[in-house]
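Below are the chains, spelled out letter by letter.
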Amino acid sequence: MIVEFEEGKPLEIPTDRAWKVSKQNQQGWRFDEFNEKGWKSAKEVVEFGQLPWRDLTQPSGEGPAPIFRKSFTLNQKVRSARAYISGLGYYELYLHGKKVGDHVLDPAFTRYDKRALYVTYDVNDRLRRSDNAVGIMLGNGWYNMPTLAVWNFDKPPWRNRPQLICQLHIEYEDGTTKIITSDRTWKVADGPITFNSVRSGETYDARLEKDGWSKPGYDDTDWRHAAVVDDTKDILSAQQMPPIKIVDTIRPVEITEPRPGLYVYDMGQNFAGWAQLKVTGPTGTKVVMKYGERLNKDGTVRQREIGRFVKRHEFQTDTYILKGEGLEVWEPRFVYHGFRYVQVTGFPGIPDLGNIRGRIAHTSYEQIGRFECSNEIFNKLQENMTWSYGANFFGYPTDCPHREKNGWTGDAHLAGELAMFNFDNCAAYTKWMNDFMDEQQASGEVACIIPTGGWGYHWGNGPAWDSAYILIPWYMYLYYGDLGIFEKHYARVKRYVDFLTAEKAENHIVSWGLGDWVPAKTVTPPVVTSTAYYYLDALILSKVAGLLGKDSDAAKYADLAGTIRDAFNAKFFDRNTGLYAEGTQTAMSCALYQGLVEPEDIPKVVENLVANIEKNNNHIDTGVLGAKYLPHALTENGRADIAYKVIAQTTQPGWGYWIARRATTLWEDWGGRASLNHIFFGDVSAWFYKGLAGINPDPDLPGFKHIIIRPNVVGDLTEVKAEVNSIRGKIVSEWELDEDKFELDVKIPANCTATVYLPGADKNKVVEDGDPIEEAEGVKFVGVEGGYLVFTAESGEYEFEVER
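How each quantity is defined
Each chain carries its own residue numbering, running from 1 in the direction its sequence is written. A pLDDT threshold of at least 70 governs which residues receive local features in this predicted model, and a stricter bar of 80 or more applies before side-chain atom pairs are shown or counted, although totals over entire chains, interfaces and linings include all residues. The side-chain numbers reported here are obtained from all heavy atoms of the structure, hydrogens and water having been left aside. Numbering goes from the N terminus for both helices and strands, where a helix is a DSSP run of H or I of at least four residues and a strand is a run of E of at least two. Burial status follows relative accessibility: with a 1.4 Å probe on protein chains alone, a residue under 20% of its type maximum counts as buried, one over 50% as exposed, and anything between as partly exposed. Surface exposure here means Shrake-Rupley accessible area, sampled with a 1.4 Å probe, where a residue is shielded only by the protein chains that are shown. A pair of strands counts as paired when DSSP detects no fewer than two bridges linking them. By definition here, a salt bridge exists when the distance from a side-chain nitrogen of Lys or Arg to a carboxyl oxygen of Asp or Glu is within 4 Å. Put simply, buried Ala, Val, Leu, Ile, Met, Phe, Trp, Tyr and Cys residues joined by side-chain atoms within 4.5 Å make one nonpolar core.

Colleague: A description of the overall build of the chain should follow, citing residues and the corresponding values.
Modeller: A count of helical and extended segments in the chain gives 16 helices and 43 strands. With respect to the three principal axes, the spread of C-alpha positions in the chain is 85 × 70 × 60 Å. Counting over 804 residues, the chain shows a buried share of 62%. Of the roughly 30,100 Å² that the chain leaves accessible, carbon and sulfur atoms contribute 45%.

Next up, the structure:
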């Protein structure tokens, strides 16, 4: 058995105690990793042993969640102790009756037949020099999905009963060690969770609780012995990313009673997580909580738009059966939901606002970016983006937190840059790139949802989605300077581009795949965007090859990119009219944003794009792809004013329309007909940082080693404030406009430089910290460019002022 270590190499330590090492990955996330010897003594155990799922005639995964326990005695003083565990699909670990750690829905979802993650805990303060006990509760998660839906997670190649592998390594003060491992001496019984499905919900019967089950001294003589299953330790990898956690708890803002005995809580916010219930009542009372993000006309919870793909079970519904012993506080363990409203039935008595709390959960990344401005629509969009991003990251990026919970690749890369500005989540993206590696076919093809149990190759993929495998590592390089991600995945990325060339391109045009999903009204042919991503993939691959010293590949893929560009322009561009593909907003902005327009044709293309927008009363007419291209294409070509007008519109279609409709998250479509919690329209947040505050990375000096500060003073904006706590330190760009002057405050981290653009044409009207610009320390005038005065700046804090 070989356990993967960081860059794919086995960990080797030449000593009999070569079993773990504490490491820190490039994103700063600490983890412990075993080598082969570390897991040698532990066994994977389940309740009944492996079952041949394809031969089962009855629905599986619908029985009680198993609980495991093991008693042991320590007869010396403990110096250190760590627990290593992988419980599939989800687990909770207990010592002395208390849960270890604050992780939930652990470990993160992977393709379990290729990779399963384990987690490390320091448990030194949980052990006693006497009798001890460890307990583990398992949930189905994605490992044993009982709910039928169109994506076939009920029949993946890995499906089996929940199982675990666990090892406690204890070091005494005298240097000797004791290892407690999972094996057939562990005992197992049915727990109080009688049903759990991450797509459907959880049922908990408190009458079935076994008080003290994870404490020493508990009588487990009537429990069964655990069964040992086939050794699969060779697929174990350390979970090198922040875990999912409960990040906040909120109170409902309103409770209504649409029907007698049926109560609906309004949490005031659409989010992902679950409800915590506080209730007192007779034993056997069944309280049912149904979750949704809309209400029917009669005030009851509506699930039609988000629950229509789920079969066999109730959708987003949790059930609690009371023990009947005073106040009972309960929340589900192994599910999460996307919702704003909670419908409660069966409640004993009349509930009030104190009986329900909203538990907000997601991958516990840190927020590193802040943006605000004088336009409240933009501020609300930024807030809504933050909610939607969190609701759609549970160990991997998802499309929505309710209907699907799928790792749609296109959704993720469209949100990739907004993530780099706002959140420190690269460790989670690194994990997701490993999921791509595990899923990619020998041909180079990848699925449209990752992880997947096999669905996603016959519909849904194509370059506009698959390019996540190239674009997200590229963003990590641009914003973090992390080339290591490409060092690991270069061969796989190259395989994908070669797959497009050999299998999908005809005369360097790719017509395969999804296109500009959910367009406002005008449809752009997928062949346009698929070919453009093919070009971009080849171009990035050539740049990465050069950075890695692979000169022949760099030349090869640069030539390929040039050939694709020529073919794209020959097929789609009408030089007489200056239009791409009939002049749709998506086609025009795609060609500009992806760098496919010849320099001499750019002015005409920009002019035609602006004319199209103005013809649509300054409204956007694209789907999700065009929604990313359009603001950046306009801004990069001197028309940030038009981008501002488009985004600020409060009538349909547009981002501002959602705010006018009192949205608390970002929607799946412009009209709000489907999911109300999607992230793939969220790149507008990245535009806030780049286009308004003007904070831009420099591809030649990535990771913000050199920063380009180029704010745009547009529309009725009078103030913009933005900061990014980058890998090199805090970057700040704040500007304010009044009748007399433009003020820009800038902060450049230590050992970094910047190029600063100030609106104006006369450098003599510029002062820094009250002094003439010529006297400013660390600042040098470069010239005038496109209506801007251009300066270079060393690290430090600056207060620029331009007289109007």
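Colleague: Outline the pairing of strand β10 (residues 163–172), supporting the account with residue identities and numerical values.
Modeller: Summarising burial for β10: 10 of the 10 residues are buried, a large majority. Both faces of β10 are covered, namely the face carrying Q163, I165, Q167, H169 and E171 and the face carrying L164, C166, L168, I170 and Y172. Here strand β5 (residues 78–88) runs beside β10; their pairing, made up of 10 bridges, is antiparallel. What sits directly across from A81, in β10, is I170. Looking at chain direction, β10 and strand β11 (residues 177–181) are connected through five bridges and run antiparallel. In the strand pairing of β11, Q167 is matched with T181. The turn joining β10 and β11, which pair antiparallel and follow one another in sequence, is formed by four residues; a positive phi near 95° is taken by G175.

Colleague: Outline the pairing of strand β13 (residues 193–197), listing residues and values.
Modeller: Working note: regular strand, side chains alternate between the two faces of the sheet. Extensive coverage of β13 is indicated by the burial of four of its five residues. Note that β13 and strand β14 (residues 201–205) share four bridges and pair antiparallel. Each residue of the ladder has a partner; that of F195, found in β14, is T203. The antiparallel hairpin formed by β13 and β14 contains three residues in its connecting segment.

Colleague: A description of unusual backbone geometry should follow, citing residues and the corresponding values.
Modeller: Here D106 and P107 are connected by a cis peptide whose omega angle stands at -5°. With respect to the helices and strands, the residue P107 is situated in the loop between β7 (98–99) and β8 (116–122). For the bond running from I450 to P451, omega is 5°, close enough to zero to count as cis. Counting through the fold element by element, P451 comes out in the loop between α5 (426–439) and α6 (463–466). Here H508, not a glycine, exhibits a phi torsion of approximately 70°, which is positive. Looking at the secondary structure, you find H508 in the loop between β31 (505–506) and β32 (509–510). Since its relative accessible area comes to 29%, H508 is described here as partly exposed. Positive phi is not limited to glycine here, since E582 has a value of about 70°. Structurally, the position occupied by E582 is in the loop between β34 (579–580) and α11 (585–593).

Colleague: Account for the pattern of salt bridges, with residues named and values stated.
Modeller: All chains considered together, the criterion is met by 36 salt bridges. Measuring nitrogen to oxygen at the nearest pair gives 2.8 Å for the salt bridge that ties R111 to D113. Put simply, E305 and R302 hold a salt bridge, and the shortest N to O gap is 2.8 Å. Look at R302 and you get partly exposed, because its relative accessible area is 24%. If you follow the salt bridges from partner to partner, you end up with E417, K628, D683 and K690 in one network.

Colleague: Residues and numbers for the nonpolar core, please.
Modeller: Residues Y389, Y580, W655, I695 and L758 are the most contacted members of the largest nonpolar core, which totals 219 residues. With 27 residues, the next largest nonpolar core counts A83, L138, L168 and I180 among its residues.

Colleague: I'd love a proper account of the sheet that holds strand β4 (residues 66–73), names of residues and values included.
Modeller: Overall, antiparallel pairing links the six strands, which are arranged β7-β6-β9-β4-β12-β15 in an open sheet. Across the chains shown, the open sheet's two edge strands, defined by having one partner strand only, are β7 and β15 (224–225). Two elements, strand β12 (residues 187–190) and β15, share two bridges in a ladder whose sense is antiparallel. The partner of V188 across the bridge, within β15, is R224.

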